[in-house]
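# Notes for the structure review
Here's the letter readout for the chains.
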Amino acid sequence: MKIFVCIKQVPGISEVKIDPKTNTLIREGIPSIINPMDKNGIELALKIKEEREAEVIAISMGPSQAEKALREALAMGADRAFLLTDRAFAGADTLATSHALALSIKKILNDSKKDEKYIIICGTQAIDGDTAQVGPELAEELQIPQITYVQKFELKDDDSIIAERVFRTEEIVVIETKLPVLISVLKQINTPKYPTMSGIIDAYEQKEVTKLDAKALNADKAFIGLTGSQTEVWKIFIPERKGEHIKLTGTIEEMSRELCQKLKEDKIF
Amino acid sequence: MSIRIDDELCTGCGSCVASCPYGGIEIIDDKAHITEDCNLCGACVEACTVEAIILEREEFKVKRVDISKYKGIWVIAEHYKDKIHDVAYQLLGKGRELADILKVNLTLVILGANFDNLLDEFSYYGVDEIIYVKSKILKDYYSDLYVKVLTELISKNKPEIILIGATPTGRDFAPRVAKRLNAGLTADCTGLDIDAETRNLLQTRPTFGGNIMATIRTPRSRPQMATVRPGIFKTPEKVKKEIKIRKIDYDFKEKDTVSKIVKIITKEKVTVNLEEAEIIVSGGRGVGSKENFKIIEELATTLNAEVGGSRVAVELNWIDNDHQVGQTGKTVSPRLYIACGISGAIQHIVGMQNSDIIVAINKDENAPIFKTAHYGIVGDLHKVIPSLIKEIKKVRAEETI
Ligand SMILES: Cc1cc2nc3c(=O)[nH]c(=O)nc-3n(C[C@H](O)[C@H](O)[C@H](O)COP(=O)(O)OP(=O)(O)OC[C@H]3O[C@@H](n4cnc5c(N)ncnc54)[C@H](O)[C@@H]3O)c2cc1C
Ligand SMILES: Nc1ncnc2c1ncn2[C@@H]1O[C@H](COP(=O)(O)O)[C@@H](O)[C@H]1O
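Per-chain numbering applies: the sequence of each chain, read as written, is numbered from 1 onward. Written order decides the labels, with chains lettered from A and ligands numbered from 1. Thresholds applied to this predicted model are a pLDDT of at least 70 for local features of residues and 80 or more for the giving and counting of side-chain atom pairs; totals over whole chains, interfaces and linings are not thresholded and use all residues. Values reported for side chains reflect all heavy atoms of the structure, with hydrogen atoms and water molecules removed beforehand.

### A closer look at the side chain of S112 of chain A
Residue and element names in this part refer to chain A. To keep it simple, the criterion reads: Each helix is a run of H or I in the DSSP string that is no shorter than four residues. Each strand is a run of E no shorter than two, and both are numbered from the N terminus. Classification of residues uses two cut-offs on accessible area relative to the type maximum, computed with a 1.4 Å probe and protein chains only: under 20% is buried, over 50% is exposed, and between them is partly exposed. Whenever a nitrogen or oxygen atom comes within 3.5 Å of another N or O atom, the pair is scored as a polar contact, on the condition that within protein one atom can donate a hydrogen and the other can accept it, and that pairs from neighbouring residues in sequence are kept only if both atoms are in side chains.
Considering the arrangement of structural elements, one finds S112 in the loop between helix 3 (94–110) and strand 8 (118–123). On the basis of relative accessibility, which here comes to 19%, the residue S112 falls in the buried class. Within the structure, S112 has its side chain in polar contact with the backbone oxygen of L109 (distance 3.0 Å).

### Notes on helix 4 (residues 143–157) of chain B
Under the convention used in this document: In this scheme, a helix's expected span is set at 1.5 Å multiplied by one less than its residue total.
End to end, helix 4 of chain B covers 21 Å across 15 residues, agreeing with the expected 21 Å (1.5 Å per residue, within 8%). Two residues or fewer after helix 4 of chain B comes K158 of chain B, characterised by a positive phi angle close to 50 degrees.

### A look at the packing of aromatic side chains
Threshold: The pairing test for Phe, Tyr and Trp rings, Trp by its six-membered ring, is centres within 6.5 Å, and the orientation test on the planes gives stacked under 30 degrees, edge-to-face over 60, and tilted for anything in between. The rule for a charge over a ring is simple: NZ of Lys or CZ of Arg within 6 Å of the ring centre, and within 35 degrees of the ring normal.
On inspection of all chains with the given rule, the structure shows 11 aromatic pairs over all chains. Seen from their ring centres, F167 of chain A and Y80 of chain B are 5.3 Å apart, and the 75 degrees between their planes marks the pair as edge-to-face. Taken together, the positions of F167 of chain A in the loop between strand 10 (160–166) and strand 11 (171–178) and Y80 of chain B in strand 6 (residues 79–80) put the pair across two chains. When the ring of Y89 of chain B is compared with that of Y125 of chain B, the centres are 4.8 Å apart and the planes differ by 75 degrees; the resulting orientation is edge-to-face. Note that Y89 of chain B is positioned in helix 3 (residues 86–102) and Y125 of chain B in the loop between strand 8 (106–112) and strand 9 (129–134), a separation of 36 residues in sequence. What makes Y89 of chain B buried here is its relative accessible area of 12%. Note on Y125 of chain B: relative accessible area 8%, which makes it buried. Here the aromatic residues Y89, F122 and Y125 of chain B are joined through ring pairs into a cluster of three or more. Note that K238 of chain B overlies the ring of Y124 of chain B, its terminal NZ or CZ placed 5.6 Å from the centroid.

### Focus on the site of ligand 1
Rule in force here: We call a residue near a molecule or strand when any one of its heavy atoms sits within 4 Å of it. Using a 1.4 Å probe, the Shrake-Rupley method yields the accessible areas, and only the shown protein chains count as cover for residues. Side-chain classes are defined by residue name, with Ala, Val, Leu, Ile, Met, Phe, Trp, Tyr, Cys and Pro counting as nonpolar, Asp, Glu, Lys and Arg as charged, and the others, Gly among them, as polar.
With respect to spatial proximity, 27 residues lie near ligand 1, and among them R285, S310, V325, T328 and S343 of chain B are the closest. Bordering ligand 1 are residues originating from chains A and B. At 3.0 Å from an oxygen atom of ligand 1 is found a main-chain nitrogen or oxygen belonging to G341 of chain B. Contact distances for ligand 1 include 3.1 Å between a nitrogen atom and a backbone N or O atom of K363 of chain B. Protein contacts shield 83% of the accessible area of ligand 1, which totals 980 Å² for the unbound molecule. Those elements giving two or more residues to the shell around ligand 1 turn out to be helix 7 (311–315), helix 8 (346–352) and helix 10 (381–400) of chain B. Class assignment for the residues of the shell around ligand 1 results in six nonpolar, 16 polar and five charged.

### Quick word on a nonpolar patch on the surface
For the record, the criterion: Any residue with relative accessible area above 30% and no salt bridge may belong to a patch, with like charges joined within 9 Å and the nonpolar Val, Leu, Ile, Met, Phe, Trp and Tyr side chains within 5 Å. Counted as salt bridges are all cases of a side-chain nitrogen of Lys or Arg within 4 Å of a carboxyl oxygen of Asp or Glu.
Together, M197, I200, I201 and Y204 of chain A give the surface a local cluster of nonpolar side chains, amounting to about 410 Å² of exposed area. Here I201 of chain A shows up in helix 5 (residues 197–205).

### What about empty space enclosed by the protein?
Residues and elements named next belong to chain B. What counts is decided by this rule: Method remark: on a 1 Å grid restricted to protein atoms, a set of points is classed as a cavity if a 1.4 Å probe fits but cannot get out and as a pocket if it is open with protein on both sides within 12 Å along at least five of seven lines; lining residues have an atom within 4 Å of a point. Grid points are joined across faces, edges and corners, and a volume is the space filled by probe spheres set on the points.
The final tally for this structure, using the stated rule, is three cavities of 30 Å³ or more. Roughly 90 Å³ of internal volume is contained in the largest cavity. The wall of the largest cavity is formed by 15 residues, among which C20, C38, N39, C41 and C44 lie closest to the centre. Class assignment for the residues of the lining of the largest cavity results in 11 nonpolar, four polar and no charged. The space that makes up the second largest cavity amounts to roughly 70 Å³.

### Side note on the packing of helix 2 (residues 67–76) of chain A against helix 5 of chain A
Residues and elements named next belong to chain A. Heads up, the condition is: The angle between two axes is taken between their N-to-C directions and runs from 0 to 180 degrees, where each axis is a line fitted to C-alpha atoms and a helix contributes only its stretch in contact. Should an angle fall under 35 degrees it is called roughly parallel, over 145 degrees roughly antiparallel, and 65 to 115 degrees roughly perpendicular, with every other angle called oblique. By definition, turning the near helix anticlockwise from the far helix through less than a right angle yields a left-handed crossing, and turning it clockwise yields a right-handed one. Here a residue-residue contact requires only that any non-hydrogen atoms of the pair lie within 4.5 Å.
Between helix 2 and helix 5, whose axes approach to 7 Å, the crossing angle comes to 130 degrees. Put simply, helix 2 runs oblique to helix 5. Crossing angle aside, the handedness with which helix 2 passes helix 5 is right-handed. Of the residues in helix 5, those touching helix 2 at K68, R71, L74 and A75 are G199, I200, A203 and Y204. For the contact of helix 2 with helix 5, the class distribution of residues is five nonpolar, one polar and two charged.

### So, the sheet that holds strand 5 (residues 73–76) of chain B
Residues and elements named next belong to chain B. Quick note on the threshold: Pairing between strands is defined by DSSP: at least two bridges between them are needed.
Here seven strands make up an open sheet; going across it, the order is 11-15-10-5-8-9-16 and the pairing parallel. Of all strands in the sheet, those bounded by a partner on one side alone are strand 11 (184–189) and strand 16 (244–249). Strand after strand, the sheet turns through a mean of 20 degrees between neighbouring axes, direction not considered. Where strand 10 (residues 161–165) and strand 15 (residues 224–228) come together, five bridges link them in parallel fashion. Directly across from G165, in strand 15, lies its bridge partner V228. The strands that helix 4 touches are strand 5, strand 8, strand 9, strand 10 and strand 16; relative to strand 8, the one it contacts most, it runs at about 150 degrees.

### Remarks on the pattern of salt bridges
Residues and elements named next belong to chain B. Applying the stated criterion to the full structure yields 42 salt bridges over all chains. A salt bridge links E97 to K94; the shortest N-O distance between them is 3.0 Å. Of this pair, E97 and K94 both sit in helix 3, separated by three residues, roughly a single helical turn. When the shortest N-O distance is used, the salt bridge between E391 and K394 registers 3.3 Å. Taken together, the residues span about one helical turn, with E391 and K394 both in helix 10 at a distance of three residues. A relative accessible area of 7% places E391 in the buried class. On the basis of relative accessibility, which here comes to 41%, the residue K394 falls in the partly exposed class.

As structure tokens, then:
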């Protein structure tokens, strides 16, 4: 069995700050990290591998620095890693991203045993784009079933899986489906383990990150990168803060009284 | 496909640098230069005041859709236990507005089993037409059946805009439908508008954890699809209107889906309904402890309000996950939102900024929350809240006289 894990390198955005003078993002010193939910994906793949004979393959599309994210996946225990990198992939929206990822998975499957079973694991969403679209679009392109927002997962037998999908705040649906399948995981599914020292050494000395460009994937330029995208960014802006901002003054009692008065005028009471 | 800077035109003003979310432009010797980090997103093209940045897209001989053949706005309803999700009503309100600008019909699409007697209700929400796809199995949500039915319907009827709630269900089928139709899809929008000239849908959404907003459009293809965050738009006032109902029966069998629903589990705990609350009192790190959170609850009880919290309050286990307001929590728009001991990080603000009135209680007069609040009280919440409760009770007592 093959387990593909799609990982994206993202800016560790909890540290993104806005420069109040210029209203721009301060990017200096922001580390790039593996999208947190994708790490949960790697952890799940490794857990399946403990139970079944399986090969864990990490795939990422991004600029050459994304190799670091793949090395980290290898250090955690992934067996192989592929980096889809080419200027022609740049500017991809989710349609174009999922197309490139699909091409790479098809290629890897083509080069392996015929009819080998496989599972694809994605994070439910990436913290930069936050779209949650790449997973389902990838599943659609490969014409396989999907289960998104997964918080619990179990291989039933060699042919099917059972997963818990969170679909409302109060409700969970338990779904059974057949392999091959794509699942997208939530962070509560597990706690990713840190790589071991020997894992890290292996990742750099024993294992490889294979780079694939548009040509290696035989990609039609009309469906990748900017040109293959249907959506386009038209404008980017820093969110404005609304409101009239009246600061109340006086003692605490006076301020409380005034606030109640204002809220009464505003017909809250 | 490339991005180019026309050195003749570039004045080195730097507005492109400010617009770039990837830090991919530098000013060297008074001219803009594109660096390795450029993601070709094109935000700088719009930002440039002298049209010195040119984004060139190669044109390929792919089948292009004839945009003029697509007309009308669709809202796809999600339901559970035979109740249509609130976000569908909210989308009908916004959808009506957009449909009036475009002078087209607004259509509600329901895939379900037991809605025959409920369809009339929608004649109050601005809908021109309902397409009701009926099949016993559609009582529950099945990814593959939704995708099949919707892509068939869309291909046949050619709506120009499709709006879907950005719920786990909407975000499960919408991308697959978009992929099958090779249509553009914008996720989790918080603002929608029409560019009247091109009829393009302008879709605004937060990215980078809400730190920046992006307006996205889908100029070259149709339909334009968007999932929209629940709680952003208001449910419209009820006004009766003539509607047309189209019922389509599908004869699906269980074997038509590859997935099987084993069971649906409802968590027992009664959860809060922040999205519908009229008043919310929220606490953050400034509350200090789980014990102290009682004071927030007391203020909420006095106001007949729901209790919310910042992510920090949730992470410290002072309050349950379901109560979190913000980017990764709920988006709320009550009539009154009182933020107590919350600093006002942008991720929190995006979840509550649409509230009618925002009150902030914070001891730090420079806390960013005061920039969003309509009324601010600088002070220790442990002293302010009890005093406020007293005053509210007084006002209430006066009213009953
Ligand atoms: C991807 C991402 C998603 C996020 N999503 C969310 C989200 O959904 N919701 C959310 O809330 N946050 C979210 N955050 C976190 C957000 O960035 C902030 O860290 C968080 O909102 C801060 O919570 P806080 O205001 O309670 O705490 P702090 O920022 O620590 O602020 C505490 C405030 O309380 C005041 N205070 C202290 N003592 C008192 C007192 N006695 N009386 C009055 N005031 C007092 C202080 O002056 C301070 O302003 C997210 C972050 C990231 C990176
Ligand atoms: N460039 C990429 N390379 C590899 N995987 C990706 C990429 N973009 C998105 N993904 C996968 O798709 C998931 C959802 O991403 P998104 O749709 O961008 O929110 C991520 O958690 C990843 O598993």
